[in-house]
Amino acid sequence: MIHRYSRIFEKTSAAIGALSLLAFVLPTLVVEPPAPDWLEMAASGAGAASASENKPDTTAPASDDDQVFAFFVGNPIYYRSTFNLQRPDGTDLTLKGLGWDGDALYFPIDGGVRFMRWRGQTGYMLEHLHNKAIARLGRGAHGRKLRYPVVEEVAASGTWKGEPAPKRILLADLFDRLEFTHGHNMLFAAGLLKLASPMASVRPYLGLGGGVAFPHTEVWFKGEPRATRTYEYQYAGPAMQGVAGLELKVGKVSYFLEYKFSYAWIHGALTGERSWQNWDVFGDLWRQFRRWSKGEKPKHGDFQTTLGAHQILLGIGYRRAVPPKQ
């Protein structure tokens, strides 16, 4: 069986995700040396000195000690991935080369919110990224009709309900839904580094961080009863991201354009459960951790895949300058 030690993987990746958040949330403290005391000007030059003291010091670097609260939108472009499926009915199936679509403009719109904290050249960022990922079954998010539907056929190996799987399988013959559409959600923390800029109002930056993936898992099998449908938020594994962005500061407003690469290792449970409420992420995750604490295995099996994506983000935020410590 693929992923024989899946329970160990889930608990280990949970710990890794939590530690990655703590590692990046703690900011780097930059201690600057005190400014030197200047000698008083001679009495004969007092008038000229007074005039010069009233002029701003143009040689001093612009302050970059601030906080930014922002939201953004984007459109993920996914890599193809391998999908491994295990069920207690004799299914141990591997599907190769699955394509995923984002359906970014269909509600809820893909994007996220973030908090950035800068201290000079370095900083950190906390972020919730919400994307959608939908397998190509000829429908969009939540089963909506598409003008130009694509039904994908992929390579297969292993067994399906105890029988050898065909070499090629039409995804729509296996699934009614295979998607993460109330969110392929990821919670990230990242360290940031400011790059050199010719303008004080422009801040180019790079970032690297880690976190956790908690998608809303929707897996419905073709022709099977509603009791086998999984429709709930789940902690699914660790995730990472890299960013390269350009921020424009205009007064208290920040605009930014950013490239983001994200990658998540998804290990989902086929529970046959529905969310307690449509948006009850906390209730679903609590129910999942209770299952783990009791050592319960998912009723209908589990699956593993990866979701790696490139995207361009556009965002706007409120910038708050932080006064230096006296």
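Residues numbered from 1 in each chain as written. Predicted model: local features only at pLDDT ≥ 70, side-chain atom pairs only at ≥ 80, totals over all residues. Heavy atoms only, no water.

J.: I would appreciate a short explanation of the overall build of the chain in the present structure.
T.: Helices and strands together make up the secondary structure of the chain, namely four helices and 17 strands. For the chain, the proportion of its 326 residues judged to be buried stands at 48%. Excluding contacts between residues fewer than 6 apart, the proportion of contacts in the chain whose partners are at least 24 apart in sequence is 77%. Accessible area of the chain: about 17,500 Å², with a carbon and sulfur share of 64%. (Helix = DSSP H or I, 4+ residues; strand = E, 2+ residues; numbered from the N terminus. Buried < 20%, exposed > 50% of the residue type's maximum accessible area, 1.4 Å probe, protein only. Contact = heavy atoms within 4.5 Å. Areas by Shrake-Rupley, 256 points an atom, 1.4 Å probe, with all protein chains shown as cover.)

J.: Would you explain helix α4 (residues 281–294) in this entry?
T.: In this model, α4 (14 residues) spans 20 Å end to end at C-alpha, consistent with the 20 Å of a helix rising 1.5 Å per residue. Val281, Gly283, Asp284, Leu285, Arg287, Gln288, Arg291 and Trp292 are the residues of α4 that are buried. One or two residues past the end of α4 sits Gly295, with phi positive at roughly 75°. (Expected span 1.5 Å × (residues − 1).)

J.: Honestly, the side chain of His300 in this entry has me stumped. Any pointers?
T.: Among the secondary structure elements, His300 is positioned in the loop between α4 and β17 (302–321). A polar contact is formed between the side chain of His300 and the backbone oxygen of Ala227, at a distance of 3.5 Å. Residues in contact with His300, not counting those within four places in the same chain, are Gln86, Arg87, Pro88, Ala227, Thr228, Leu270, Thr271 and Gly272. (Polar contact = N/O pair within 3.5 Å; in protein donor to acceptor, adjacent residues only side chain to side chain.)

J.: Please explain the pattern of salt bridges as it appears in this structure.
T.: For side chains of opposite charge, pairing can occur when their charged atoms come near one another. Within the structure shown, the criterion is met by 22 salt bridges. The partner of Asp110 in a salt bridge is Lys132, with the nearest N and O atoms 2.8 Å apart. Of this pair, Asp110 sits in the loop between β5 (100–101) and β6 (111–119) while Lys132 sits in strand β7 (residues 122–135), and the two are 22 residues apart along the sequence. By relative accessible area, which is 0% here, Asp110 ends up buried. (Salt bridge = Lys/Arg side-chain N within 4 Å of Asp/Glu carboxyl O.)

J.: I tried to follow the pairing of β7 on my own but got confused; where do I start?
T.: The two faces of the sheet receive side chains in turn, since in a regular strand these alternate between them. With eleven of its 14 residues buried, β7 lies for the most part within the structure. Examined bridge by bridge, β5 and β7 share two bridges and lie antiparallel to one another. For Asp101, the partnering residue across the bridge sits in β7 and is Ile134. With nine bridges connecting them, β6 and β7 associate as antiparallel partners. Considered in β7, the bridge of Gly111 is made with His130. (Pairing = 2+ DSSP bridges.)

J.: Could you clarify how one ought to interpret unusual backbone geometry in this entry?
T.: Trans is the common state for peptide bonds, and a negative phi is the common state for residues other than glycine. Non-glycine residue His142 carries a positive phi angle of around 60°. Among the secondary structure elements, His142 is positioned in the loop between β7 and β8 (153–160). In this structure, Lys161 is a non-glycine residue whose phi angle is positive, near 55°. Examined against the element boundaries, Lys161 turns out to sit in the loop between β8 and β9 (163–164).

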